[in-house]
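For reference, the chains in residue letters:
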Amino acid sequence: MTAEKTLEHFKQTNALLEGHFILSSGLHSPSYLQCALALQYPPDAAKFGKAIAEHFTNERIETVASPAIGGLIIGYEVAKALNVRFIWTERENGVMTLRRGFSIKQNERILVVEDVITTGGSTRECIFALENRAAKIVAAASIVDRSNGAAEVGVPRIALVSLEVPSYKPEDCPLCERGDEAVKPGSRRI
Ligand SMILES: [Zn+2]
């Protein structure tokens, strides 16, 4: 799946909105990304999963792991396409942890998959939790890279599409300056 096709799908499903938005951080941005909307239909999620899996067919991946919640659907689909098992990490008292009885063998070759990478924070936390259990993290992947290649996670990383998503403090926002009204995503039909 090409980057163009991926972007087109995101726009069609309203997973990528263009306008003037107030993000949950309070910053303003001309675009808003809600990956869950792009993955609502299982055949679409499966397509993205296959597209990511194709990058790793020769890497002898034994397990796909994702940070919950964002990575669960796409990670599962990547694991399905690679025909390997799928596990996830989740926060416990704020710390990304492997729970639910999932075990990892020494040097198990793991691919970490997320829906969107912004700073790489949750992917890094997921990697850290798995390395603490003696896993060998082979690589990381996401559908969208919002850092446009900048996020470092300590292992090789791919994304189906890279985006530069600018965000501004309200007082520095060029869209506000132009007199456009900023909206919270989902607060009205766009
Ligand atoms: Zn603004």
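Placed above this text is the structure.
Because the structure is a prediction, the values reported are computed rather than measured.

Each helix and strand in the protein was counted, giving six helices and eight strands. Along the protein, from the amino end to the carboxyl end, the secondary structure elements read α-β-β-α-α-β-α-β-β-β-α-β-β-α. Its C-alpha atoms give the protein a radius of gyration of 17 Å, near enough to 16 Å, the size a compact globule of 190 residues would have. Projected onto its principal axes, the C-alpha coordinates of the protein cover approximately 60 × 35 × 25 Å. Put simply, the protein has 190 residues, and 45% of those count as buried. Separation between the mean location of the 22 positive side-chain charges and that of the 23 negative ones in the protein comes to 6 Å.

Between two packed helices, what matters for the description is the angle formed by their axes and the separation of those axes. The geometry of helix α3 (residues 42-53) relative to helix α4 (residues 72-82) is characterised by a closest axis approach of 8 Å and an angle of 60° between their N-to-C directions. With respect to α4, the element α3 is oriented oblique. In this structure, the crossing between α3 and α4 has a hand that is right-handed. Here Pro42, Ala45, Ala46, Phe48, Gly49, Lys50, Ile52 and Ala53 of α3 come into contact with α4, specifically with Ile73, Ile74, Glu77, Val78, Ala81 and Leu82. Taken together, the residues that form the contact of α3 with α4 break down as eleven nonpolar, one polar and two charged.

Six octahedral donors around a metal ideally sit at 90 or 180 degrees from one another, while four tetrahedral donors ideally sit at 109.5 degrees. Here the zinc ion is held by His20 (NE2), His28 (ND1), Cys173 (SG) and Cys176 (SG), and the distances to it run 2.1 to 2.4 Å. What the four donor atoms of the zinc ion show is an angle range of 93 to 124° at the metal, which sorts the shape as tetrahedral. The class for histidine 20 is buried, based on a relative accessible area of 5%.

Moving on, we get to the packing of aromatic side chains. Taken as a whole and judged by the stated rule, the model has five aromatic pairs. Here tyrosine 76 and phenylalanine 86 contribute two aromatic rings whose centre-to-centre distance is 6.0 Å and whose plane-to-plane angle is 80°, an arrangement assigned as edge-to-face. You can see tyrosine 76 sitting in helix α4 and its partner phenylalanine 86 sitting in strand β4 (residues 85-92), a full ten residues away along the chain. Taking the relative accessible area as the measure of exposure, tyrosine 76 reaches 48% and is therefore partly exposed. Centroid distance tryptophan 88 to phenylalanine 102: 5.2 Å. Interplanar angle 75°. Geometry classified as edge-to-face. Note that tryptophan 88 is positioned in strand β4 and phenylalanine 102 in the loop between β5 (95-98) and β6 (109-117), a separation of 14 residues in sequence. You can call phenylalanine 102 buried: its relative accessible area is 18%. Of the aromatic side chains, those joined through ring pairs into one cluster are Tyr76, Phe86, Trp88 and Phe102.

Okay, the pattern of salt bridges next. Oppositely charged side chains can form a pair if their charged atoms are brought close together. The final tally for this structure, using the stated rule, is nine salt bridges. With a closest N to O distance of 2.9 Å, glutamate 108 and arginine 85 form a salt bridge. In this pair, glutamate 108 is assigned in the loop between β5 and β6 and arginine 85 in strand β4, connecting sequence segments 23 residues apart. Taking the relative accessible area as the measure of exposure, arginine 85 reaches 32% and is therefore partly exposed.

Criteria and cut-off values
- Note on numbering: residues in each chain are counted from 1, in written sequence order.
- Only residues with pLDDT of at least 70 get local features here, since the model is predicted, and only at 80 or more are side-chain atom pairs given and counted; chain-wide, interface and lining totals rely on the full set of residues.
- Hydrogens and waters are ignored; side-chain quantities use all the structure's heavy atoms.
- Only runs of H or I of at least four residues qualify as helices and only runs of E of at least two qualify as strands under DSSP, and these elements are numbered from the N terminus.
- The globule rule used for comparison is 2.2 Å times the number of residues to the exponent 0.38, while the radius of gyration itself is calculated over C-alpha atoms.
- Exposure is judged per residue with a 1.4 Å probe applied to protein chains only, and the accessible area is read against the type maximum: over 50% gives exposed, under 20% gives buried, and values in between give partly exposed.
- Positive charges come from Lys and Arg, negative ones from Asp and Glu, while His and the chain ends are left out of the count.
- In plain terms, the charge of a residue is placed at NZ if it is Lys, CZ if Arg, CG if Asp and CD if Glu.
- A fitted line through C-alpha atoms serves as each axis, taken over the contacting stretch for helices, and the angle formed by two N-to-C directions is quoted from 0 to 180°.
- An angle below 35 degrees is read as roughly parallel, one above 145 as roughly antiparallel, one from 65 to 115 as roughly perpendicular, and any other as oblique.
- Crossings are classed by handedness, with left-handed meaning an anticlockwise turn of the near helix from the far one by less than a right angle and right-handed meaning a clockwise turn.
- Note on definitions: a residue-residue contact is assigned when non-hydrogen atoms from the two residues lie within 4.5 Å.
- Throughout this entry, Asp, Glu, Lys and Arg are counted as charged residues, while Ala, Val, Leu, Ile, Met, Phe, Trp, Tyr, Cys and Pro are counted as nonpolar. The remaining residues, Gly among them, count as polar.
- Nitrogen, oxygen and sulfur within 2.8 Å of a metal are treated as its donors, or within 3.2 Å for sodium, potassium and calcium (Na, K, Ca); water is not counted, so a site can appear incomplete.
- Irregular is the label for any site that misses the other tests, which are tetrahedral for four donors with all angles between 85 and 135 degrees, and square planar for four donors or octahedral for six when opposite donors exceed 155 degrees and the remaining angles lie between 65 and 115.
- Pairing of aromatic rings covers Phe, Tyr and Trp, the last through its six-membered ring, and needs centres within 6.5 Å; plane angles under 30 degrees mean stacked, over 60 mean edge-to-face, and all others mean tilted.
- Here, a salt bridge means any side-chain nitrogen of Lys or Arg that lies within 4 Å of a carboxyl oxygen of Asp or Glu.

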